[in-house]
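Residue-level structure breakdown
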Amino acid sequence: DTSIIDSLGDQELTKRELDKLLYSGPLRSEQFVAFDNKQLAVSIVVEQEVKKQRLGEDSTGCVVWPSAHSMCAHLCVHPELVRGKRVVELGAGTGLVGLVCGALGASEVVLTD
């Protein structure tokens, strides 16, 4: 069903790219994860923990999750949601969404994890 893709209004997002973002796990083997969008002046790159054994520790916040990429893509299509506003990102992990909010013109961004 391409109606979801069409409703996003961004022709560069293909069904395959969206499926890859939404239905795959984090790229745990990548040290750096980049988010590129024409709405951003620069590419945003965050560092994540490369796949390691964390005995007894939760590593949820150490990787960029597909939902973060999806949220960033949505915000780039609708920058009015954050432009000029104060944003708090709860459970920020690597902080990708908050960084994108700042790049899209949020007046203040607070990242918490």
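Let us look at the structure shown here. Since this is a predicted model, take the numbers as computed values, not measurements.

As a further point, take the environment of Leu40. By the element assignment, Leu40 lies in the loop between β1 (32-35) and β2 (44-47). According to the relative accessible area criterion, Leu40 is buried, its value standing at 8%. With 60 residues separating them in the primary sequence, Leu40 and Val100 have C-alpha atoms 8.0 Å apart. Every residue in contact with Leu40, bar those within four places of it in the chain, is listed here: Phe35, Cys76, Val100, Ala103 and Leu104.

The final tally for this structure, using the stated rule, is one salt bridge. Arg86 is the salt-bridge partner of Glu108, the closest N and O atoms lying 3.2 Å from each other. Of this pair, Glu108 sits in strand β4 (residues 108-111) while Arg86 sits in strand β3 (residues 86-89), placing them 22 residues apart in sequence. Given the relative accessible area of 68%, Arg86 is considered exposed.

Here helix α3 (residues 66-77) is twelve residues long and its end C-alpha atoms lie 17 Å apart, about the 16 Å a rise of 1.5 Å per residue gives. Of all the positions in α3, only Pro66, Ala68, His69, Ser70, Cys72, Ala73, Leu75 and Cys76 are classed as buried.

The next thing to look at is the pairing of β2. If a strand is regular, its side chains alternate between the two faces of the sheet. Side chains of β2 alternate between two faces, with Ile44 and Val46 buried and Val45 and Glu47 left unburied. When β1 meets β2, the two strands line up antiparallel, connected through four bridges. Following the sheet pairing, Ala34 is matched in β2 by Val45.

Reading the values: the criteria
- Residues numbered from 1 in each chain as written.
- Predicted model: local features only at pLDDT ≥ 70, side-chain atom pairs only at ≥ 80, totals over all residues.
- Heavy atoms only, no water.
- Helix = DSSP H or I, 4+ residues; strand = E, 2+ residues; numbered from the N terminus.
- Buried < 20%, exposed > 50% of the residue type's maximum accessible area, 1.4 Å probe, protein only.
- Contact = heavy atoms within 4.5 Å.
- Salt bridge = Lys/Arg side-chain N within 4 Å of Asp/Glu carboxyl O.
- Expected span 1.5 Å × (residues − 1).
- Pairing = 2+ DSSP bridges.

On their own, these measurements won't tell you what the molecule is for.
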